[in-house]
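Chain by chain, the residues run as shown.
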Amino acid sequence: IAPALDYYSSRGTGQEKAETYYYAARVEENAGNYEESLFLLRKAEQNFRDDNGLAALIYSSKARLYYNTLLFDAAGRNYRTAAEYYLQTGETDRYASNRLKEADCAIKSDDIQSAEKIAEEVWELRNDISSKTLNKYFQIMIFIAEECSIGKALSHVSRYIDQFGSSPYMDWLLVSRIYLEADEIQAAEAALERHPDNYPLNAPYYYQK
């Protein structure tokens, strides 16, 4: 990507510059250079013109970087902007997915009311979104309920299992954690045993086990 950056830093259209900066930012992100990636994304943001698809990619990437550096308010704002651009391109599923990521940021910022409002808006789109995105909706509802009471969280876990218990998207680690918090040890253990073999056995898995 370096030759393209050298070329388009002083030549080409705004759109060509924006695309080059965006792809360079992704390279830096994948290399773990978040500060440089964010710098390049801001340059992409300054140069794109009338391309809602590229704009959505830029803002969702910015949001991801802010999220990974625990700047949840900034991440939420950028996920919302990305969602609005996806809405303009007619990509309802990506719109809903980014709104749910915004809701996740709101939860982590202790803004439960905003997260609930976002989840309600996404639920209205349930017939037009993918199973993967709907699965994320149920997870967000568990997180929201958990902030209220463990009993309410358990109720949402039951709904989640009914809907996605046989789905490859099912998050059995989340289910196990809620059962564990409710002192339902056998149910927590059973959920943990259903954690798919092809998923990485990461730190939360071993912590719960």
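Scroll up to find the structure this text is about.
First, a word on scope: everything that follows refers to the structure included in this document. Bear in mind that the values here come from a model prediction, so they are computed numbers and not experimental data.

So, how was this worked out
Residues numbered from 1 in each chain as written. Predicted model: local features only at pLDDT ≥ 70, side-chain atom pairs only at ≥ 80, totals over all residues. Heavy atoms only, no water. Helix = DSSP H or I, 4+ residues; strand = E, 2+ residues; numbered from the N terminus. Expected span 1.5 Å × (residues − 1). Buried < 20%, exposed > 50% of the residue type's maximum accessible area, 1.4 Å probe, protein only. Contact = heavy atoms within 4.5 Å. Phe/Tyr/Trp six-rings, centres within 6.5 Å; stacked < 30°, edge-to-face > 60°.

Moving on, we get to helix α5 (residues 72-88). Relative to the 24 Å expected for 17 residues at 1.5 Å per residue, α5 spans 24 Å between its end C-alpha atoms, a close match to the ideal helical length. Inspection of α5 places Phe72, Ala74, Ala75, Gly76, Asn78, Tyr79, Ala82, Ala83, Tyr85 and Tyr86 among the buried residues, and these make up the whole buried set. As for α5, its buried residues are in contact with α4 (52-68) and α6 (92-108). Immediately downstream of α5, the backbone of Gly90 shows phi near 80°, a positive value.

Here we come to α6. Between its first and last C-alpha, α6 extends 25 Å over 17 residues, near the 24 Å set by a 1.5 Å rise per residue. Restricting attention to buried positions, one finds in α6 the residues Tyr95, Ala96, Asn98, Arg99, Leu100, Glu102, Ala103, Asp104, Cys105, Ala106 and Ile107. Buried residues in α6 make contact with α4, α5, α7 (112-123) and α8 (131-148). Directly beyond the C-terminal end of α6, a positive phi value near 65° is found at Asp110.

Turning our attention to the packing of aromatic side chains. Within this structure, the stated rule accounts for 11 aromatic pairs. Ring centres of Tyr67 and Phe72 lie 5.3 Å apart, and the angle between their planes is 70°; on these two criteria the pair is classed as edge-to-face. Look at Tyr67 and you get partly exposed, because its relative accessible area is 22%. Residue classification places Phe72 among the buried positions, given a relative accessible area of 16%.

Interpretation note: all reported values are geometric properties and have no functional meaning in isolation.
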